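Secondary and tertiary structure notes
One-letter residues, chain by chain:
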Amino acid sequence: MMSKRKGRAYRRRRRKGSVSLGTHAVETGDIGRGLMTRKALEPGDLVIALPEKCLLTTNTILSSYMGEYIKRWKPCLSPLQALCTFLIAERHFGSRSPWKPYIDVLPKTYTCPVYLPEEVIELFPSPLVKRIHEQKRMVQQLYLASKCFFGSLQPLFSELVEKVFTYDAFRWAWCSINTRTIYMEHKQSEFLTQEPNVYALAPYLDLLNHSPSAQVTAAFNQKSKHYEIRTVTKCRRYEQVFICYGPHDNQRLLLEYGFLTNSNPHNVVYVNKELLCNHISEKDKLVNRKMLFLQDEGLLENLTFGFDGPSWRLLTVLKIFCLRAEEYLQRKKVLLGLSITADNELGSLELAEKICFHLINENQKAMQNISRLLNEIVEVSDHLELVANVRREELQILQASAEVLQNMRVTAPTRS
């Protein structure tokens, strides 16, 4: 249950121009923790070079005190399980750990969705809710699958391993790795599963903040044995240097890294299959065949609205659903971008508008619920503001899409 607030002194909505990020903060005109260059950088210049011995990888773990336990354990641990286990142990050892300086600067908690309470998760858009639940299940299953190995480590601890390797500790380790590892390919080890071993925790390097517009190259240099980041564009002296985690929308950034970023050009609103089905006419006798056809063509995923309107995939799917029985044989032409009839074009635009306005109403109701809860609760207020930012952003995208669709209908061929 959510607790009632104790008065109205709470006014942390002060960050009107910012997005709450937990350990990161992307604010209007300002970024929290980051790295600044003390000299002007030209394209190709080295930003950071971190020696291999500073990287925490599975090689580090296999050559440590934990290596003998991992090497004799069957079935083998995955690289991710090994990293999580080592990180938990090193945090527990405190001042006895050589990794203490790094662990001390890691966040004590995260704003990744696996940390969010269920009542907050349910306020997110339904496609994101589904992905969050999948992620939470995956982390929980990974923890349960690791518990027997944790038990084998009892000789290393004076305390019971059950008190060291708790789910909270595992969740913290998983989030630390998921949000902070750099991509670095390693040779497969006979002592670990054959899952991709591409993780490396890089102290200092993970202070670099993300920007969608940043252009850098990042890779391990086999000659110098350093992990190097070089800028592709110029950077003025005393400016903050950014990296880009990839062309991710805010839902992906929140899911994987626990933060949002302002003015993200990759942001979209997702339309899931359930919502699609709810707006298709039940009178259409070919609806199941159309669904199977679209599924076989791989077109039922990543259906989106953007600031520039519905995506090609979404409009194509809607055109297929708007085909009359006598037009269904021409479905392949729709995939090629050919127009079938004026009725089909207008019908698909009208259907897109219905879905768009449904999502607008859904977001407006969600915003009202969030606003009400922000005035009633205290414990999850920061989490609610995170949801509010996602919902507010979706609303802006959908309103822009609705305007684009109205203009498209005006210029579309008239029905015969």
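The structure contained in this document is the topic of the report that follows.

Cut-offs applied
Residues numbered from 1 in each chain as written. Predicted model: local features only at pLDDT ≥ 70, side-chain atom pairs only at ≥ 80, totals over all residues. Heavy atoms only, no water. Helix = DSSP H or I, 4+ residues; strand = E, 2+ residues; numbered from the N terminus. Buried < 20%, exposed > 50% of the residue type's maximum accessible area, 1.4 Å probe, protein only. Contact = heavy atoms within 4.5 Å. 1 Å grid on protein atoms, 1.4 Å probe; cavity = no way out; pocket = protein on both sides within 12 Å on 5 of 7 lines; lining within 4 Å. Points joined across faces, edges and corners; volume = space filled by probe spheres on them. Nonpolar A, V, L, I, M, F, W, Y, C, P; charged D, E, K, R; others polar. Pairing = 2+ DSSP bridges. Axes fitted to C-alpha atoms, helices over the stretch in contact; angles between N-to-C directions. Parallel < 35°, antiparallel > 145°, perpendicular 65-115°, else oblique. Left-handed = near helix turned anticlockwise from the far one by under 90°.

Following the sequence through the fold, Gly309 ends up in strand E14 (residues 309-310). Under the relative-accessibility criterion, Gly309 is labelled buried at 2%. Excluding residues within four positions of it along the chain, Gly309 makes contact with Thr304, Ser401 and Val404.

Turning our eyes to something else, we now look at empty space enclosed by the protein. For the coordinates displayed, the defined rule picks out three cavities of 30 Å³ or more. If you go around the largest cavity, the residues you meet are Asp249, Asn250, Gln251, Asn267, Val268, Val390, Glu393 and Glu394. Those elements that provide at least two residues to the lining of the largest cavity are helix H9 (250-257) and helix H15 (381-411). Each residue belonging to the lining of the largest cavity can be placed in one class, and the counts come to two nonpolar, three polar and three charged.

Looking at chain direction, strand E9 (residues 216-221) and strand E10 (residues 226-231) are connected through six bridges and run antiparallel. When the sheet's bridge partners are listed, Ala218 is paired in E10 with Ile229.

Our focus in this paragraph is the side chain of His383. Relative to the helices and strands, His383 resides in helix H15. Not counting the four nearest positions on each side in its chain, His383 is found in contact with Tyr115, Leu116, Pro117 and Val120.

The geometry of helix H6 (residues 126-152) relative to H9 is characterised by a closest axis approach of 11 Å and an angle of 20° between their N-to-C directions. Classed by the angle they form, the pair H6 and H9 counts as roughly parallel. Between H6 and H9 lies a crossing of right-handed hand. Contacts between H6 and H9 involve Leu128, Arg131, Ile132 and Gln135 from the first element and Gln251, Arg252, Leu254, Leu255 and Glu256 from the second. Among the residues forming the contact of H6 with H9, the class breakdown is four nonpolar, two polar and three charged.

This part covers the pairing of E10. Alignment of strand E5 (residues 46-51) against E10, held across five bridges, turns out to be antiparallel. Pairing of Pro51 across the sheet is with His226, part of E10. Hairpin connection of E9 to E10: four residues between the antiparallel strands, including Lys225 at a positive phi of 60°.

Right, let's get into the environment of Tyr102. Within the element layout of this structure, Tyr102 appears in helix H4 (residues 100-105). Those residues in contact with Tyr102, other than ones at most four positions away along the chain, are Arg180, Leu201, Ala202, Pro203 and Asp206.

Here the focus is the packing of helix H3 (residues 79-93) against helix H8 (residues 167-180). Across the interface, H3 lies against H8 with an axial gap of 9 Å and an inter-helix angle of 115°. Crossing angle aside, the handedness with which H3 passes H8 is right-handed. Taking contact as the criterion, the partners of Leu80, Leu83, Cys84, Leu87, Ile88 and Arg91 in H3 are, on H8, Ala169, Phe170, Trp172, Ala173, Trp174, Ser176 and Ile177. Each residue belonging to the contact of H3 with H8 can be placed in one class, and the counts come to 11 nonpolar, one polar and one charged.

This next bit is on helix H12 (residues 312-321). Taking burial as the measure, the 10 residues of H12 include eight buried ones, the bulk of the element. Buried within H12 are the following residues: Leu314, Leu315, Thr316, Val317, Leu318, Lys319, Ile320 and Phe321.

As a further point, take the sheet that holds E5. Pairing within the open sheet is antiparallel, and its three strands lie in the order E5-E10-E9. Edge positions in the open sheet fall to E5 and E9, since each of these has one partner strand only. Within this sheet the neighbouring strands show an average axis-to-axis angle of 10°, counted without direction.

What the largest pocket holds in volume is close to 760 Å³. Those elements giving two or more residues to the lining of the largest pocket turn out to be H8, strand E6 (181-183), E9, E10 and H9. Of the residues forming the lining of the largest pocket, the biggest block, five residues, is contributed by H8. Split into classes, the residues belonging to the lining of the largest pocket amount to 18 nonpolar, five polar and four charged. In this structure, the second largest pocket occupies an estimated 430 Å³ of space. If you go around the second largest pocket, you meet 18 residues; those closest to its centre are Lys130, Asn272, Leu300, Glu301 and Asn302. When residues of the lining of the second largest pocket are traced back to their parent elements, those giving at least two are H6 and helix H10 (273-278). Here the element with the most residues in the lining of the second largest pocket is H6; it accounts for five residues. The residue inventory of the lining of the second largest pocket, partitioned by class, reads six nonpolar, six polar and six charged.

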